[in-house]
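Structural overview for review
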Amino acid sequence: MTDDAATGGELNTAVETAVAERVGESGEWAVSADTADRVSVTLPDRELVVRRRDGPDGADHWTVELAADGATVSKSGPFETVAGVTERVRTLLDSDVRYTVCCDG
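Note that residues are indexed from 1 along each chain, following the sequence as it is written. Only residues with pLDDT of at least 70 are given local features in this predicted model, and only at 80 or more are side-chain atom pairs given and counted; all residues enter the totals for whole chains, interfaces and linings. Each side-chain value is worked out from all heavy atoms of the structure, with water and hydrogens disregarded.

1. Here we look at the side chain of His 61
A helix here means a DSSP run of H or I that spans at least four residues, while a strand means a run of E at least two residues long, and both kinds are numbered starting from the N terminus. For His 61, the location among the structural elements is in strand E4 (residues 60-68). To sort residues, take the accessible area from a 1.4 Å probe on protein chains only and compare it with the maximum for the residue type: under 20% means buried, over 50% means exposed, and anything in between is partly exposed. Given the relative accessible area of 8%, His 61 is considered buried.

2. Side note on the environment of His 61
A C-alpha to C-alpha distance of 9.0 Å links His 61 and Val 85, two positions 24 residues apart in sequence. Contact criterion: two residues are considered in contact whenever any of their non-hydrogen atoms come within 4.5 Å of each other. Among all residues touching His 61, those that are not within four sequence positions of it are Arg 51, Arg 52, Arg 53, Gly 55, Pro 56, Pro 78, Phe 79 and Glu 80.

3. Comments concerning unusual backbone geometry
Between Gly 77 and Pro 78 the backbone carries a cis peptide bond, its omega angle lying at 5°. As for its placement among the helices and strands, Pro 78 is situated in strand E5 (residues 71-79). Of note, the phi angle at Asp 69 is positive, near 55°, even though the residue is not glycine. With respect to the helices and strands, Asp 69 occurs in the loop between E4 and E5.

4. Details of the sheet that holds strand E3 (residues 46-54)
Pairing between strands is defined by DSSP: at least two bridges between them are needed. One open sheet holds the five strands; their spatial order is E1-E2-E3-E4-E5, and the pairing between them is antiparallel. Strand pairing shows two members of the sheet lacking a second neighbour, strand E1 (30-35) and E5, which therefore form its edges. Within this sheet the neighbouring strands show an average axis-to-axis angle of 20°, counted without direction. In this structure, E1 lies alongside strand E2 (residues 38-43), joined through five bridges in antiparallel fashion. Bridging from a neighbouring strand, Ala 30 pairs with Thr 42 of E2. Only the stretch in contact is used when a helix axis is fitted, and all axes are lines through C-alpha atoms; the angle between N-to-C directions ranges over 0 to 180 degrees.

5. Side note on the pairing of E4
With eight of nine residues buried, E4 lies mostly within the body of the structure. Relative to E5, E4 runs antiparallel, the two being bridged by six bridges. Among the inter-strand pairings, Val 64 is bridged to a residue of E5, identified as Ser 76. Two successive antiparallel strands, E4 and E5, enclose a turn made up of two residues, where Asp 69 displays a positive phi of approximately 55°.

Honestly, it's all geometry; don't read function into it.
Spelled out as structure tokens, the structure:
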């Protein structure tokens, strides 16, 4: 497993840079490193949560969760690199949020 502090800092910086580049001053946003294993991006209409988990051979892997109106809309991953997860975050920052309705009957 890689050094959590270094990886968490690198991820937090990469995500914050991605949000600043994509959203900039055009809207309200916040990035917070909740823990070494969790970074949150809060926008007026959505929240993105990046979570680190151990992958094979102790390598870091990340997932990205998209939530709107307090409900999880989608999850993606696992991503094996900070660049990969950051690119997914960039995509989700201004994409349409779509809900999938599913039923058992």
